[in-house]
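# Working through the structure, step by step
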Amino acid sequence: MNDNKRINVVLAGQGNTGKTSIFNYYTGSHQHTGNWAGKTIEKLEGTLYYKGYTIDVLDLPGIYSLTTLSVEELIAREYIIKHKPDVVINIVDSTNLERNLIFTLQLLELECPLIIALNMVDLARKKGVEIDTGKLQKKLNTPVVPTIASRGTGLTELMDKVIEIKENGHHPGVIRYGREIENAVDELSPGLNTAGLLYPDRWIAIKLLEKDSEITKSIRETRPDLTEKKKTLANRLEEIHGHDSSLVISDERSHYASQIVRETATITPHQKPSFSDRLDIITTHKFTGYFVMIFIVGGMFLSVFKLGNWLSSVLETVFTSWHEWWNINVGESFLAALSWSAIEGVLALVEIALPYILPFYILLYVLEEWGYIARISFLMDNLMHKIGIHGKGCISFIIGLGCNVPGCLSCRIMESKRERFLTAVLVTLVPCSAVSVIVFGLVGKYVGIIWAMGLYLFAMIVIFAAGKILSKLLPGEPVELIMPMPDYKTPRLKTILYQTWDALKEFIYIAAPIVIIAGVVIQAINLIGWMPAISSFLSPLTVNWLGLPAITGILLIFGILRKELILVMLAAYLGTTEFAEVLSPVQMITLAVVSMFYVPCIATVSVLWKEYGWKRALAVTVIEILFAILLAGLVYRLLTLFGM
Amino acid sequence: MNIPGKSRSLTELQEGQSGIVQSLNGGRNLTKRLADLGMGPGTRIRVLRTSLFAGPVQVEVSGSKLVLGRGLASKILVETI
């Protein structure tokens, strides 16, 4: 293809700026996701065809600065400097102009061709903030396009601007900071990029004064002669300002940003508090906030489970009739049965994805778009800290209650590797909807709902204890919560559907192959007739230690695929769903405890594998199996001891 | 007691109280992160929400609302106004 007709565009911005909406608007159906080389951070790319151009759009991770404090930040700046995109679109949240401009200034320092998308201007206006785009443009010496991404407003103009820059070229404006800093930068910068770095001289000088660890290291190696000079200049700045030179630079940017806001925006404070503020009086209150949270999250679960159970039983009936049709028309030969188990794997995914995960995701993204998820993080931060993670981890737990697979995937929102892994392990202990089917279908129905609730409480205690222990064992410091609190806003259906679809797609990609393969393998073992041998081999464990019928050995193996299969298979083997005829209440509780903890299902294991490597995935699996068996055996003995 | 002009940790402020950041007491990464978010020395910061059992605080700084973990907030020294 003619290179002149191809444009590389990068979207950069902080979280919650509407970056993803803009990306989706432009690339819609032409998206592909991958990972950044060697990192488990998602890389989103897409293509847009516009005015004869093929425009490749890359969505950089949402970040707050361009320092080396996090992997995402490093990725972002390296990408911009190494790949030299034709245009960088900086998405700025107009309702948080000042904080966003600090990041804009850092992008300008990189001297890349920049356009600013001044997003959510409608919400800013509602807040009483009117921004003079002409002035802002002049002040930053950079094109500014006001947009409302959720409605698509301004996005055509934004792309026109991109093409204009591609055709006419663009000279990014250089930002001049205070005199002391500029003097230091001028003294330091000449010829710096001879050190083999691709960054502009001026940028390297600023980063040196900012004590950026990566840049300092490479300059120390390539230009050792500069170490002294850099130190003297940094010291001089520190003497003048009275604090660390890295802070002097950050402060300079924030002051500059605040000065720009003063000059370009008029803020008319509202006489009475906004709707969002009034809602927050209740939703983040130290007492009422928790009631509201329990009501919202509890309501969400009850409705998903009610709907899910109904839909799932409908699907079950349909799929059973398909199975009968298969047996009659295709036969029950070894091959036919094996092929059916592959089909069954697909159906099983449908049966979990459609009734539970889909509605669950939709509600979750409604809460996210509305702004409520941030409130949950705020309310739960304290409790989460006790188990070594911060408030955002709570979101993964909530998702995990629906299904552990997306729960583990969502741990990517945690900042450090340690936090991600810790949260993911704890999520595997969260009883997912499949486990709930067992807990309620077995214990709740035949032993009593109090016992079922008791098991949930028990799971919470186990998670808490596991978190305490793990956070002590894993090396590294816990990360503190820093999270922007978004204003409440009306959720947009389109955005919600997009996000739901993305999440569902990922679930299917990861879970489908492994569930199908494992299903076929287990069915093959079953058909060869090894199952009785396996169950008698496992009987010391199942019968002697856990006090369960020998048949449960087979059930627990099938449960690796999908935990609710334990119940389904039990019914199939018994020929009845009257479980009380074969299992005593103690046995039911024991079986439920094993099912809760004994192994993250195979799909969850595959996520752990993908995100944290096979060693850690294997370790988690083995430890959880041993733990569940030990625990359930103890529960069995205790309950028997107390005469149940 | 809230004596104006006295320096204290951000966590000691009541809901609705404001202060000027005097210093950030923490590792370089931490202070840098706060400064990059516009919370460097000299910034005006207002506590919007505190939480139960010494939990996080929600603050307003340069027109944005941020939630800060307790440990972090305790490292921000402010002069009350």
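Residues numbered from 1 in each chain as written. Chains lettered and ligands numbered in written order. Predicted model: local features only at pLDDT ≥ 70, side-chain atom pairs only at ≥ 80, totals over all residues.

## A few points about the overall build of chain A
In terms of helices and strands, chain A carries 27 helices and ten strands. The C-alpha atoms of chain A give a radius of gyration of 29 Å, which matches the 26 Å a tight globule of 644 residues would have. Seen through its C-alpha atoms, chain A measures out along the principal axes to roughly 85 × 55 × 55 Å. Within chain A, buried positions represent 45% of all 644 residues. Of all intrachain contacts in chain A linking residues separated by at least 6 positions in sequence, the fraction that spans at least 24 positions is 72%. (Helix = DSSP H or I, 4+ residues; strand = E, 2+ residues; numbered from the N terminus. Rg over C-alpha atoms; globule rule 2.2 N^0.38 Å. Buried ≥ 20, exposed ≤ 12 C-beta atoms within 10 Å, placed from the backbone. Contact = placed C-beta atoms within 7 Å.)

## Considerations on the packing of helix α8 (residues 201-209) of chain A against helix α9 (residues 213-222) of chain A
Residue and element names in this part refer to chain A. It is at 8 Å that the axes of α8 and α9 come closest, and there the two elements cross at 105°. With respect to α9, the element α8 is oriented roughly perpendicular. Two secondary-structure elements touch here, α8 through I204, K207 and L208 and α9 through I215, T216 and I219. Class assignment for the residues of the contact of α8 with α9 results in four nonpolar, one polar and one charged. (Axes fitted to C-alpha atoms, helices over the stretch in contact; angles between N-to-C directions. Parallel < 35°, antiparallel > 145°, perpendicular 65-115°, else oblique. Nonpolar A, V, L, I, M, F, W, Y, C, P; charged D, E, K, R; others polar.)

## What about the interface of chain A and chain B?
Taken together, the contact between chain A and chain B spans 29 residues of the former and 29 residues of the latter. Among the elements of the structure, α3 (97-109), α11 (245-264), α15 (372-385) and β10 (482-484) of chain A are those that each provide at least two residues to the side of chain A that touches chain B. With six residues, α11(A) is the single largest residue contributor to the side of chain A that touches chain B. Here the residues of the side of chain A that touches chain B are counted per class, giving eleven nonpolar, twelve polar and six charged. Alignment of β10(A) against strand β5 (residues 64-68) of chain B, held across three bridges, turns out to be antiparallel. (Pairing = 2+ DSSP bridges.)

## Points about unusual backbone geometry
Residues and elements named next belong to chain A. A positive phi is found at E111, a non-glycine position, where the angle reads about 55°. Its location among the elements puts E111 in the loop between α3 and β6 (114-119). Assessed through the 19 C-beta atoms surrounding it within 10 Å, E111 is described here as partly exposed. Positive phi, normally seen in glycine, also occurs at K211, with a value near 60°. Within the secondary structure layout, K211 lies in the loop between α8 and α9.

## Considering the pairing of strand β5 (residues 87-93) of chain A
Residue and element names in this part refer to chain A. With respect to burial, β5 is a largely interior element, seven of its seven residues being buried. Residues V87, I89, I91 and D93 point to one face of β5 and V88, N90 and V92 to the other, with burial holding for every one of them. When strand β1 (residues 6-13) meets β5, the two strands line up parallel, connected through five bridges. In the strand pairing of β5, V9 is matched with V87.

## Focus on the domain arrangement of chain A
All names here are of chain A. Domain boundaries assigned for chain A yield domain 1 (3-168), domain 2 (179-267) and domain 3 (288-641). With ten residues of domain 1 at the interface, the matching set in domain 3 holds nine residues. Here the residues of the side of domain 1 that touches domain 3 are counted per class, giving one nonpolar, nine polar and no charged. (Domains from an automatic or database assignment.)

## Some details on helix α27 (residues 614-641) of chain A
Residues and elements named next belong to chain A. Between its terminal C-alpha atoms α27 stretches 40 Å, which fits the 40 Å expected from 28 residues at 1.5 Å a residue. Those residues of α27 that fall on the buried side of the exposure criterion are A617, V620, T621, A628, A632, V635 and Y636. Turning to α27, the residues buried within the fold contact α18 (417-428), α25 (585-597) and α26 (602-612). Within two residues after α27, G643 carries a phi angle of roughly 75°, on the positive side. (Expected span 1.5 Å × (residues − 1).)

## What to know about the sheet that holds β10(A)
For sheets, the rule is that strands pair by backbone hydrogen bonds, running either parallel or antiparallel. The strand order across the open sheet built from seven strands is β10(A)-β5(B)-β4(B)-β3(B)-β2(B)-β6(B)-β1(B), with neighbouring strands paired in antiparallel fashion. Because the sheet does not close on itself, it has two edges, and the strands there are β10 of chain A together with β1 (7-9) of chain B. Direction aside, the axes of adjacent strands within the sheet are offset by 40° on average. Bridge analysis of β1(B) against strand β6 (residues 76-80) of chain B gives three bridges, and the strand direction is antiparallel. Looking at the pairing, B:R8 lines up with B:V78 of β6(B).

## Things to note about the packing of helix α21 (residues 493-528) of chain A against α26(A)
Residue and element names in this part refer to chain A. Contact geometry of α21 with α26 gives a least axis separation of 9 Å together with a crossing angle of 125°. Classified by the angle between their axes, α21 and α26 sit oblique to one another. Judged by the sense of rotation from one axis to the other, the crossing of α21 with α26 is right-handed. In this structure, α21 uses I510, A511, I514, V515 and A518 to contact α26, whose residues at the interface are I602, A603, S606, V607 and K610. For the contact of α21 with α26, the class distribution of residues is eight nonpolar, one polar and one charged. (Left-handed = near helix turned anticlockwise from the far one by under 90°.)

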